[in-house]
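What follows is each chain in one-letter form.
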There are 2 protein chains.
Amino acid sequence: MFSRSELTAMVNKALVNIPYNRESERLIEPVRYVLSIGGKRLRPVLALMACNLFTDKIDDALVPVTGLEIFHNFTLVHDDIMDNASLRRGQAAVHSKWDVNQAILSGDVMAFIANECFLQSPPESLQKVFRIFNKAAVEVCVGQQLDMNYEKVGIIHQDEYLRMIELKTASLIAASVRIGALLGGAGDRDSDLVFEFGRNLGLAFQVQDDLLDAYGDVKIFGKTSGGDIVTGKKTYLYVRAMELAGPELKKKLQEVYGIPGGDPETTIKVVTGIYDTLNIKKLTENLAKEYYDAALGYLEKVSVPADRKKGIIRLTDSLNSREQ
Amino acid sequence: MFSRSELTAMVNKALVNIPYNRESERLIEPVRYVLSIGGKRLRPVLALMACNLFTDKIDDALVPVTGLEIFHNFTLVHDDIMDNASLRRGQAAVHSKWDVNQAILSGDVMAFIANECFLQSPPESLQKVFRIFNKAAVEVCVGQQLDMNYEKVGIIHQDEYLRMIELKTASLIAASVRIGALLGGAGDRDSDLVFEFGRNLGLAFQVQDDLLDAYGDVKIFGKTSGGDIVTGKKTYLYVRAMELAGPELKKKLQEVYGIPGGDPETTIKVVTGIYDTLNIKKLTENLAKEYYDAALGYLEKVSVPADRKKGIIRLTDSLNSREQ
């Protein structure tokens, strides 16, 4: 079995070794940049771990799953433009370091570099692997669209929010582990279980991300704590708070959440104060835990010896308790 | 054999029948829009004609080649943002009708809808078809990058310009006909010949596009005649003029070409006046004709009866003599 750090190193090496079209450095420089400023490589590492559940021979999966990381970073480059986010992982976003046009185009080419990776799947798995990926890719776009739509409406329901993050975040993580399992030779039932593991893990991950934005620390989290509050981004915390607040608190929350011109620190203090009154932090932690538990439940049912699951369980646990 | 209008109708029908993810109308509305405002469907029609050279059974090729049109329109949606072009085919560009963020995201999803089409290639051809497409997709991005780079430098050489349009325009047309030929069962030699046909046709097409922008008519061409001159877009005509002009004319050309604030009509008049002095129109027509002739030369060598080539030759001729 491979450890998380071994797999991360393999993915990082594969990312560095991608044979880029060299005819324009300018096009590729932002690609290299965004792939070099960190990131957990969660999707390819999870995919390799899912593959490693079923086989020790994971070499053939490496390049295809690297495509998942490149696709993910493509979405980050474009999302940062759309969300007007100037920082990514504590560094300048591509559209800040270069410009919007460069971020559009270098983002675009990443989508095709990702394709190139999937095209290196073993021929007998190619169509399946690519279809799993591509379905998720469309869903990620739909999720981003819903996210943008929801920014413009007053109140959204918990269910709508959770469906949005399922599309935007969980579907790619679920696709990642399904692709890994498939490349590892898993049968249909195990593939479905692994997919459900990934879907729940993805939901847990995003809910916790929302939590960390409001309660995390900028030094370890790499972006402004409370950034979602200041920019008015709908998060699970906000959506829940709006559901639970009485008329007065609801009014107060709407008056400050994401309202331009206010002092950011005051805004964050007022909003987290309201969250605290409504016990939102605890509720959010509980939901994340429910999803983590569900994920582990699906994993338990996968028909490989418990020994083989240790690595992926350890990664799941560490995500569950992460503070960044 | 199928006629151009039959093939165009088939492609248009396939485009309408794409099963979109329906969870966000907002995401898909711009996709439908850009696919509905016209366009010659040149790439899929050429691909089907290339397929039809080798077989009468072109049904299996229809969905995959429709991906070429969707990809092409994806590039138009994003290019129009980057080029700050508010019109496309005489209608509002997506980023004008909606906004830049919507154009980025609806463009993105088109790349994956195109993938979905290629994924419906017959399994035995899938990897080859997708690799041919994907190589071209990367090249189109590189071409767009070079195009943007060249906007910022004073003088570029004819060779650089022609390589840029080869990447940005010709490589997708070449890939289209190669994919069609492959799906039609062509052997390697014929595939290569068809590819060279497409590459030369693509070059001819773009050179003529440059010509039509300077000398075409807005009513039939659907965009501002002289738009490239006013916005300062490097075209074959400009590049050639800068190569051929003496110091005085060169200075005059640089003083007006794409300089903001000037009266558009005056600018166009001055620039086309310089072009006329240097015989640029004729030179450009000659180059386009050279490429068309080369394209037809490659087509002639393809090892199918002359009868089967009539349709694709007729299309090539009509592109050669087009005025829009």
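Structure: see above.
Residues numbered from 1 in each chain as written. Chains lettered and ligands numbered in written order. Predicted model: local features only at pLDDT ≥ 70, side-chain atom pairs only at ≥ 80, totals over all residues. Heavy atoms only, no water.

Visitor: Whenever I open this one, the overall build of chain A confuses me. Can you help?
Guide: Within chain A, the regular secondary structure consists of 16 helices and two strands. For chain A, the C-alpha radius of gyration of 20 Å lies close to 20 Å, the compact-globule estimate for 324 residues. Taken over the C-alpha atoms alone, chain A extends approximately 60 × 50 × 30 Å along its principal axes. Buried positions account for 58% of the 324 residues belonging to chain A. Counting only contacts in chain A whose residues sit at least 6 apart along the sequence, the fraction spanning at least 24 positions is 74%. Roughly 13,100 Å² of accessible area belongs to chain A as shown, and the carbon and sulfur atoms make up 51% of that amount. Positive and negative charge centroids in chain A, built from 39 and 43 side chains respectively, lie 1 Å apart. (Helix = DSSP H or I, 4+ residues; strand = E, 2+ residues; numbered from the N terminus. Rg over C-alpha atoms; globule rule 2.2 N^0.38 Å. Buried < 20%, exposed > 50% of the residue type's maximum accessible area, 1.4 Å probe, protein only. Contact = heavy atoms within 4.5 Å. Areas by Shrake-Rupley, 256 points an atom, 1.4 Å probe, with all protein chains shown as cover. Lys, Arg positive; Asp, Glu negative; His and termini not counted. Charge placed at Lys NZ, Arg CZ, Asp CG, Glu CD.)

Visitor: Where do I start with the relation of the copies chain A and chain B in this structure?
Guide: What relates the two chain copies is a rotation about an axis together with a slide along it. Superposition of chain A onto chain B requires a rotation of 180° combined with a translation of 0.0 Å along the rotation axis, giving an RMSD of 0.0 Å. Taken together, these values place the two copies in the relation of a two-fold axis. Here 100% of the contact residues of chain A are again contact residues in chain B; the copies associate through an equivalent surface. (Least-squares fit on C-alpha atoms with pLDDT ≥ 70 in both.)

Visitor: How should the packing of aromatic side chains be read in this particular structure?
Guide: Counted according to the given criterion, the structure contains 23 aromatic pairs over all chains. When the centroid spacing of 5.6 Å and the interplanar angle of 45° are considered together, the rings of phenylalanine 71 of chain A and phenylalanine 74 of chain A count as tilted. Of this pair, phenylalanine 71 of chain A and phenylalanine 74 of chain A both sit in helix 4 (residues 59-82), three residues apart, which is roughly one turn of that helix. There is no split in this pair, since phenylalanine 71 of chain A and phenylalanine 74 of chain A are both buried. Chaining the aromatic ring pairs together yields one cluster made of Phe71, Phe74, Phe112, Phe118, Phe130 and Phe133 of chain A together with Phe71, Phe74, Phe112, Phe118, Phe130 and Phe133 of chain B. When the ring centre of tryptophan 98 of chain A is taken as reference, the NZ or CZ atom of lysine 97 of chain A above it lies at 5.6 Å. The residue whose ring lies beneath arginine 322 of chain B is phenylalanine 205 of chain B, and the NZ or CZ to ring-centre distance is 4.0 Å. (Phe/Tyr/Trp six-rings, centres within 6.5 Å; stacked < 30°, edge-to-face > 60°. Lys NZ or Arg CZ within 6 Å of the ring centre and 35° of its normal.)

Visitor: Mind showing me how you'd approach the interface of chain A and chain B here?
Guide: Note on interface size: it is often stated as the accessible area lost on association of the parts. With 43 residues of chain A at the contact, the number on the chain B side is 43 residues. Contact between chain A and chain B buries roughly 3,900 Å² in total, counting both sides, with carbon and sulfur atoms accounting for 63%. When residues of chain A are sorted by the area they lose upon contact with chain B, Glu23, Leu105 and Phe112 of chain A head the list and together hold 16% of the total. Taken together, the connections running from chain A to chain B amount to two salt bridges. Salt-bridge contacts for glutamate 23 of chain A lead to arginine 163 of chain B; the nearest nitrogen and oxygen are separated by 2.7 Å. Here chain A is connected to chain B by 17 residue pairs in polar contact (both at pLDDT 80 or more). Secondary-structure elements contributing two or more residues to the side of chain A that touches chain B are helix 2 (25-36), helix 4, helix 6 (100-118), helix 7 (123-151) and helix 8 (158-183) of chain A. The residue inventory of the side of chain A that touches chain B, partitioned by class, reads 22 nonpolar, 13 polar and eight charged. (Buried area = accessible area lost by both parts, 1.4 Å probe. Salt bridge = Lys/Arg side-chain N within 4 Å of Asp/Glu carboxyl O. Polar contact = N/O pair within 3.5 Å; in protein donor to acceptor, adjacent residues only side chain to side chain. Nonpolar A, V, L, I, M, F, W, Y, C, P; charged D, E, K, R; others polar.)

Visitor: Help me understand the environment of serine 5 of chain A, please; the structure alone is not making it clear to me.
Guide: Residue and element names in this part refer to chain A. Inspection of the secondary structure assignment puts serine 5 in helix 1 (residues 4-16). The class for serine 5 is exposed, based on a relative accessible area of 54%. Separated by 107 residues in sequence, serine 5 and phenylalanine 112 have C-alpha atoms that sit 27 Å apart.

Visitor: How should I be thinking about unusual backbone geometry in this particular structure?
Guide: With the exception of glycine, most residues fall at negative phi, and the peptide bonds are largely trans. The backbone of arginine 89 of chain A shows a phi angle near 50°, a positive value even though the residue is not glycine. The residue arginine 89 of chain A is located in the loop between strand 1 (87-88) and strand 2 (91-92) in this model. The backbone of asparagine 279 of chain B shows a phi angle near 65°, a positive value even though the residue is not glycine. Residue placement: asparagine 279 of chain B occurs in the loop between helix 14 (264-277) and helix 15 (280-301). For asparagine 279 of chain B, a relative accessible area of 45% gives the class partly exposed.

Visitor: Please clarify how helix 16 (residues 310-320) of chain A should be interpreted in this entry.
Guide: Each turn of an α-helix holds 3.6 residues, which means side chains three or four residues apart point in the same direction. Residues and elements named next belong to chain A. Inspection of helix 16 places Ile312, Leu315, Thr316 and Leu319 among the buried residues, and these make up the whole buried set. Buried positions in helix 16, seen along its axis, are confined to an arc of 100° and lie on one side of it. Where the residues of helix 16 are buried, they touch helix 1, helix 3 (42-54), helix 9 (188-215) and helix 15 (280-301). (Arc of directions from axis to C-beta.)

Visitor: Just checking my understanding: could you explain the environment of glutamate 124 of chain B for this structure?
Guide: Mapped onto the elements of the fold, glutamate 124 of chain B is located in helix 7 (residues 123-151). When the C-alpha positions of glutamate 124 of chain B and isoleucine 113 of chain B are compared, they lie 21 Å apart, and in sequence the two are 11 residues distant.

Visitor: How should the pattern of salt bridges be read in this particular structure?
Guide: A pair can form between side chains of opposite charge whenever their charged atoms are brought close. A full pass over the atoms with the stated rule returns 43 salt bridges over all chains. Its salt-bridge partner being arginine 88 of chain B, residue aspartate 80 of chain B comes within 2.7 Å of it at the nearest N-O pair. A salt bridge links lysine 135 of chain B to glutamate 139 of chain B, with the shortest nitrogen-to-oxygen separation between them at 3.0 Å. Of this pair, lysine 135 of chain B and glutamate 139 of chain B are both found in helix 7, four residues apart, which corresponds to roughly one turn of the helix. In the salt-bridge network here, residues are joined through shared partners; they are Glu23 of chain A together with Arg163, Glu166, Glu196 and Arg199 of chain B.

Visitor: I keep staring at helix 9 (residues 188-215) of chain B and nothing clicks. Help me out?
Guide: Between its first and last C-alpha, helix 9 of chain B extends 40 Å over 28 residues, near the 40 Å set by a 1.5 Å rise per residue. Helix 9 of chain B sits mainly inside the fold: 21 of its 28 residues count as buried. (Expected span 1.5 Å × (residues − 1).)

Visitor: Can you walk me through the side chain of asparagine 134 of chain B in this structure?
Guide: Relative to the assigned elements, asparagine 134 of chain B resides in helix 7. The class for asparagine 134 of chain B is buried, based on a relative accessible area of 0%.

Visitor: Honestly, the packing of helix 3 (residues 42-54) of chain B against helix 16 (residues 306-320) of chain B in this entry has me stumped. Any pointers?
Guide: A pair of packed helices is characterised by two quantities: the angle between their axes and the separation of those axes. All names here are of chain B. Remark: helix 3 packs on helix 16, axes separated minimally by 8 Å, with the N-to-C direction vectors making an angle of 155°. One way to sum up the angle between helix 3 and helix 16 is to call them roughly antiparallel. For the element pair helix 3 and helix 16, the recorded crossing hand is left-handed. Seen from helix 3, the contacting residues are Leu42, Val45, Leu46, Met49, Ala50, Asn52, Leu53 and Phe54; seen from helix 16, they are Arg308, Lys309, Gly311, Ile312, Leu315 and Leu319. Residues of the contact of helix 3 with helix 16, tallied by class, amount to 10 nonpolar, two polar and two charged. (Axes fitted to C-alpha atoms, helices over the stretch in contact; angles between N-to-C directions. Parallel < 35°, antiparallel > 145°, perpendicular 65-115°, else oblique. Left-handed = near helix turned anticlockwise from the far one by under 90°.)

Visitor: Is there a simple way to explain the state of the cysteines in this structure?
Guide: Such a bond, covalent and formed between the sulfur atoms of two cysteines, is termed a disulfide. Considering all chains together, one arrives at zero disulfides over all chains under this definition. Unpaired in terms of disulfides, cysteine 117 of chain A finds its nearest cysteine sulfur in cysteine 141 of chain B, a separation of 15 Å. (Disulfide = S-S within 2.5 Å.)

Visitor: Just checking my understanding: could you explain the environment of arginine 89 of chain A for this structure?
Guide: Residues and elements named next belong to chain A. On the basis of relative accessible area, arginine 89 is assigned to the partly exposed category, the value being 26%. A sequence separation of 26 residues divides arginine 89 from asparagine 115, and the C-alpha atoms of the two residues are 25 Å apart. A distance of 3.1 Å separates a polar side-chain atom of arginine 89 from the backbone oxygen of glycine 38.

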